[in-house]
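If you want the building blocks of each chain, they are given just below.
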Amino acid sequence: MSNETYYLSERVGHMLRAERLTLAVAESCTGGLLGGLLTEVPGSSEYFLGGVIAYADEIKQHLLGVSPETLAAHGAVSAEVALEMARGVRSATGASLAVSITGVAGPGGGTPDKSVGLTYVGLVGPAVEQVERRVWQGDRPGNREASAELALRMVLTYLAERELTRAVTPGSGSEDIS
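What counts, and where the lines are drawn
Residues numbered from 1 in each chain as written. Predicted model: local features only at pLDDT ≥ 70, side-chain atom pairs only at ≥ 80, totals over all residues. Heavy atoms only, no water. Helix = DSSP H or I, 4+ residues; strand = E, 2+ residues; numbered from the N terminus. Buried < 20%, exposed > 50% of the residue type's maximum accessible area, 1.4 Å probe, protein only. Polar contact = N/O pair within 3.5 Å; in protein donor to acceptor, adjacent residues only side chain to side chain. Contact = heavy atoms within 4.5 Å. Core = buried A, V, L, I, M, F, W, Y, C linked by side-chain atoms within 4.5 Å.

A. Inspection of the side chain of S28 at higher detail. Inspection of the secondary structure puts S28 in the loop between strand 1 (23-27) and helix 2 (33-39). The class of S28 is buried, set by a relative accessible area of 6%. At 3.3 Å, the side chain of S28 forms a polar contact with the backbone oxygen of A54. Separated by 3.2 Å, the side chains of S28 and K60 make a polar contact. Here S28 is in contact with A54, Y55, K60, M85, I101 and T102, once residues within four sequence places are set aside.

So this is what it looks like as structure tokens:
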């Protein structure tokens, strides 16, 4: 793990702890890398609840509640599936926030419609449901790392915006939203 990636994991953990929020992950193409990055930080058990590595569509359906209709209509690598994965792991764990990653890490598996490097990262929580789409140009390890780093950045951005909103809203305090 690079120093920058560790710093992101550490910063996410600090902000989650300060806000008394919890996080869960649902990973496909990253195969547990994001969960590993989060647990590199000492004390991560205070905010990281766990995750599901859902490589197969059947696991996405049975453990995360991704609908067969969504998979049939959009495919496993899609914004719709990323959202359903995040919703599912949040529901299963009771986490305040959930992040998901689905994509084509490479070097094989790409199609004319979904090239190698195509990745969707979903974030679900109070007042947020968003997906970011990227097409990475790296090799398999690089694409996996870039996807996990994007997930960390999305969580960090959400937490920073939440903190900023509270800071400029009179009478707002830190409340537990989990």
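B. Broad picture of the environment of D113. When you line up the elements, D113 lands in the loop between strand 3 (97-103) and strand 4 (118-125). Look at D113 and you get exposed, because its relative accessible area is 70%. Remark: the alpha-carbon pair of D113 and L33, spanning 80 residues in sequence, is separated by 26 Å.

C. Expanded view of the nonpolar core. Ranked by internal contacts, the top residues of the largest apolar core, which has 31 residues, are L16, L34, L38, V99, V155 and L159. Secondary-structure elements contributing two or more residues to this core are helix 1 (3-19), strand 1, helix 2, strand 3, strand 4 and helix 6 (140-168). Looking at this core element by element, the count peaks at nine residues for helix 6. Other than its neighbours up to four places away in sequence, V155 contacts V12, L23, L97, V99 and L123.

Any functional reading would require information that these geometric values do not contain.
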